[in-house]
Amino acid sequence: MGSPRNAPLRSSEELPALQAVHLDRENICTIGRVGRLPGIHSLYLQRNRIEKIENLDCFPNLRFLSLAGNCIRKVENLQPLQHLRFLDLSHNQIQTLDADELPGSLRLLDLTGNECTHQPGYRELVLRALPHLLQLDAQPLQGCSDEEEEEKSCSSSEDSEDELFSELRAPFTTDKDFFTDLQQELAERSQIRQRKALEEHQARLRELQERRSLLLPAIPSQPHSKGTRK
């Protein structure tokens, strides 16, 4: 990922067992190309300054992608993510939606806060492109088609969603306000990370102060002046 701090991920060798990447609220401007990372299934990039969806084919098995609260103007370059189940693009700057750019594997999609949700036929356009969708813009859908194959797909999707969100504390289901709960969970996780970082910083400062006091030479005591005898 590129950011103003110029600290991109350099290669897949650095992240051998990583499954989830949390880079929310990091002031990231672009999604840079990194080495192929097939083990990563969750990518959190909400509340950054990203303007374009790109270079996500580095994560071929990605199933969870949060890009909420960025500066994205167009839905694009998502077709390589054929395992993607959850996509949060809420509160961006998407004017018009090209539904053909959305992976057909999606089960949950959030585009609230974008102008594209007001375009004529928006809902029908999305549902036609995503026949297996379970929830759109925080609203549960009416279930799957009566066709046997799609019924099986909907049944198996519940198991896949349970596995996908196992790292989150709360049991998110389509019976709840999924996105509200999820956004609250992500905010709490961010606060916990910030608090831990502050605690580590303060502990480091105390450690440095203690080391400094040990390294400084002791101040020699001043000899007492003796009065002259008369």
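Just so it is clear, the structure is predicted and the values come from calculations on it, not from any experiment.

The rules behind each value
Residues numbered from 1 in each chain as written. Predicted model: local features only at pLDDT ≥ 70, side-chain atom pairs only at ≥ 80, totals over all residues. Heavy atoms only, no water. Helix = DSSP H or I, 4+ residues; strand = E, 2+ residues; numbered from the N terminus. Buried < 20%, exposed > 50% of the residue type's maximum accessible area, 1.4 Å probe, protein only. Contact = heavy atoms within 4.5 Å. Areas by Shrake-Rupley, 256 points an atom, 1.4 Å probe, with all protein chains shown as cover. Polar contact = N/O pair within 3.5 Å; in protein donor to acceptor, adjacent residues only side chain to side chain. Core = buried A, V, L, I, M, F, W, Y, C linked by side-chain atoms within 4.5 Å. Phe/Tyr/Trp six-rings, centres within 6.5 Å; stacked < 30°, edge-to-face > 60°. Pairing = 2+ DSSP bridges.

(A) Expanded view of the overall build of the chain. Scanning the chain from terminus to terminus reveals three helices and seven strands. For the chain, the succession of helices and strands along the chain, N to C, is β-β-β-β-β-α-β-β-α-α. Classification of the 230 residues of the chain by burial places 38% in the buried group. Considering only contacts in the chain between residues 6 or more positions apart, those separated by 24 or more positions represent 37%. Accessible surface, the chain: about 14200 Å² in total, of which carbon and sulfur atoms supply 48%.

(B) Geometry of the side chain of Asn114. Checked against the element boundaries, Asn114 lands in the loop between β5 (108-110) and α1 (122-129). At 3.1 Å, the side chain of Asn114 forms a polar contact with the backbone nitrogen of Ile94. Of the polar contacts made by the side chain of Asn114, one reaches the backbone oxygen of Leu111; its length is 3.0 Å. Once residues lying within four places of it in the same chain are set aside, the contact partners of Asn114 are Leu89, Ser90, His91, Asn92, Gln93 and Ile94.

(C) Local environment of the nonpolar core. Grouped together as the largest cluster of nonpolar side chains are 37 residues, with contacts concentrated most on Leu65 and Leu109. Here Leu65 is in contact with Leu43, Leu56, Leu78, Leu81, Leu84, Phe86, Leu87 and Asp88, once residues within four sequence places are set aside.

(D) A look at the packing of aromatic side chains. This model, assessed by the stated rule, comprises two aromatic pairs. Both rings, one in Tyr44 and one in Phe64, keep their centres 4.9 Å apart while their planes meet at 40°; by these two values the pair is tilted. Placement of Tyr44 in strand β2 (residues 42-44) and of Phe64 in strand β3 (residues 64-66) is noted, with a sequence separation of 20 residues between them. Taking relative accessible area as the criterion, Tyr44 reaches 1% and is therefore assigned buried. Residues Phe64 and Phe86 carry aromatic rings whose centres are separated by 4.4 Å and whose planes lie at 10° to one another, so their mutual orientation is stacked. Taken together, the positions of Phe64 in strand β3 and Phe86 in strand β4 (residues 86-88) put the pair 22 residues apart, joining distant regions of the chain. Phe86 matches Phe64 in its accessibility class, with the two residues each being buried. Among the aromatic side chains, those forming a connected cluster through ring pairs are Tyr44, Phe64 and Phe86.

(E) Inspection of the sheet that holds β3 at higher detail. The strand order β1-β2-β3-β4-β5-β6-β7 describes an open sheet built from seven strands, whose pairing is mixed. Where the open sheet ends on each side, the last strands, each with one partner, are β1 (20-22) and β7 (139-140).

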